[in-house]
Structures are given as C-alpha cells and as structure tokens.
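An overview of the molecular structure
Residues per chain, in single letters:
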Amino acid sequence: MIEKVYKFTRESDTKVVEKIVNTEDVQIIHMIFPKGEGTPKHYTNSNVHLIVVRGEMTLTLEDGEPKVYPAGTIIYIPFNTKMIAQNLTSDILEFFVIKAPHPSKIGGPEEPIKVDD
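Residues numbered from 1 in each chain as written. Predicted model: local features only at pLDDT ≥ 70, side-chain atom pairs only at ≥ 80, totals over all residues. Heavy atoms only, no water.

Brief notes about the layout of surface pockets
Rules: Both site types are read off a 1 Å grid over the protein atoms alone. A 1.4 Å probe that fits but cannot get out defines a cavity, while an open set with protein on both sides within 12 Å along at least five of seven lines defines a pocket; lining residues have an atom within 4 Å of a point. Grid points are joined across faces, edges and corners, and a volume is the space filled by probe spheres set on the points. Elements are defined by DSSP. Helices are runs of H or I of four residues or more, strands are runs of E of two residues or more, and each kind is numbered from the N terminus. Each residue receives one of three labels: charged for Asp, Glu, Lys and Arg, nonpolar for Ala, Val, Leu, Ile, Met, Phe, Trp, Tyr, Cys and Pro, and polar for the others, Gly being one of them.
Estimated volume of the largest pocket: approximately 400 Å³. Around the largest pocket, the lining comprises 24 residues; the ones closest to its centre are M31, T39, H42, K99 and P112. Going through the elements one at a time, β1 (16-22), β2 (27-34), β4 (48-54) and β9 (92-99) are the ones with two or more residues in the lining of the largest pocket. Tallying contributions element by element places β2 first for the lining of the largest pocket, with four residues. For the lining of the largest pocket, a count of residues per class yields 11 nonpolar, six polar and seven charged.

Below is the structure:
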C-alpha cells in the first residue's frame, strides 16, 4: 500500500486534542473545544495553518485584539508568534492545526512554549 491512512475523532461535542500526523515533514493536530475552552497562550513552534471546520474561532495574536473566524476559514500564522485560540461564541469549535515544516526542521521545540501572563 502506497498511502498511509490516518483517522480522527468525528461528531464529538467534548474536548478533543489529538496529534494525528507527526512525520519528519509535518504535524497535523485536530482539536474540538466546547464553548469557553481553548488552547493555552503559547508561541507557535512552526509555521501554522489553522483550518476552522465547525463553529467560530476567537484568535488573539501577539498582544492584538481578538478576531473571530468562522467555519470555512484558513488562517496562516508564522513561526514564533504568541497566540491563543478560543471558543467564545459557538457551542462547538472544531479545527485542524497544520504545522509545516515539522517544528524540528525550523528550530522549534516539539511542543509549543506556553506563555504565562
């Protein structure tokens, strides 16, 4: 078989954070957040694309104002950007995080660095 098949959680209304793909080239993470949940504030450890598939994402970058992105949106965030992604407006927020290149190839740590403030 040439292809490799990956599965991810579907139809969940509970919090899900699952690293689906972790190859030498890319990381793909799937997240589902009920209202009020989100990522910790952190610095991106690679170039990141966020693909919003359900709900609305409230995204705050660096020390800027939060912006809301609806399902059907892809957001690019460069390496080493302070960010927090939250579900403040929807019953459920579901999105994919695509990190390319793999953090190890860009000099980033395997996991993002959390920010305390």
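Describing unusual backbone geometry
With an omega of 0°, the peptide bond running from A100 to P101 counts as cis. Relative to the helices and strands, P101 is located in the loop between β9 and α1 (103-106).

Quick look at the pattern of salt bridges
It is possible for side chains of opposite charge to pair when their charged atoms get near one another. Here is the rule we go by: The working definition used for a salt bridge is a side-chain nitrogen of Lys or Arg within 4 Å of a carboxyl oxygen of Asp or Glu. Think of it in three bands: with a 1.4 Å probe and only protein chains considered, a residue is buried below 20% of the maximum accessible area for its type, exposed above 50%, and partly exposed in between.
Applying the stated criterion to the full structure yields eight salt bridges. The residue E11 makes a salt bridge to R10 at a minimum N-O spacing of 3.9 Å. Judged by its relative accessible area of 68%, E11 is exposed. R10 gets classed as exposed once you look at its relative accessible area, which sits at 59%. With a closest N to O distance of 2.7 Å, K19 and E111 form a salt bridge. One end of the pair, K19, is in strand β1; the other, E111, is in the loop between α1 and β10 (113-114), and 92 residues separate them in sequence. When its relative accessible area of 35% is taken as the criterion, K19 is described as partly exposed. Connected via shared salt-bridge partners are D13, R54 and E94.

Some remarks on the packing of aromatic side chains
Where we set the bar: Aromatic rings from Phe, Tyr and Trp, taking only the six-membered ring of Trp, are treated as a pair when their centres fall within 6.5 Å; an angle between ring planes under 30 degrees marks them as stacked, one over 60 as edge-to-face, and anything in between as tilted.
According to the stated counting rule, one finds two aromatic pairs in the structure shown. Both rings, one in F8 and one in F96, keep their centres 5.0 Å apart while their planes meet at 90°; by these two values the pair is edge-to-face. Here F96 lies in strand β9 and F8 lies in the segment before β1, a separation of 88 residues in the sequence. Taking the relative accessible area as the measure of exposure, F96 reaches 15% and is therefore buried.

Here's the deal with the sheet that holds strand β6 (residues 67-70)
In plain terms, the rule: Being paired, for any two strands, means DSSP has found at least two bridges between them.
Taken in spatial order, the five strands make up an open sheet running β6-β5-β8-β3-β10, and their pairing is antiparallel. Each having just a single partner strand, β6 and β10 make up the two edges of the open sheet. Sheet topology places strand β5 (residues 56-61) next to strand β8 (residues 82-86); four bridges connect them, and they run antiparallel. Bridging from a neighbouring strand, L59 pairs with A85 of β8.

Notes on the sheet that holds β1
Threshold: Axis lines are fitted to C-alpha atoms, over the contacting stretch for helices. Their N-to-C directions set the angle, which ranges from 0 to 180 degrees.
The strand order β1-β2-β9-β4-β7 describes an open sheet built from five strands, whose pairing is antiparallel. Across the chains shown, the open sheet's two edge strands, defined by having one partner strand only, are β1 and β7 (73-77). Strand after strand, the sheet turns through a mean of 20° between neighbouring axes, direction not considered. Where β4 lies against β9, six bridges are found, and the strand directions are antiparallel. Counted as the bridge partner of R54 is E94 from β9.

Geometric values such as these leave the question of function open.
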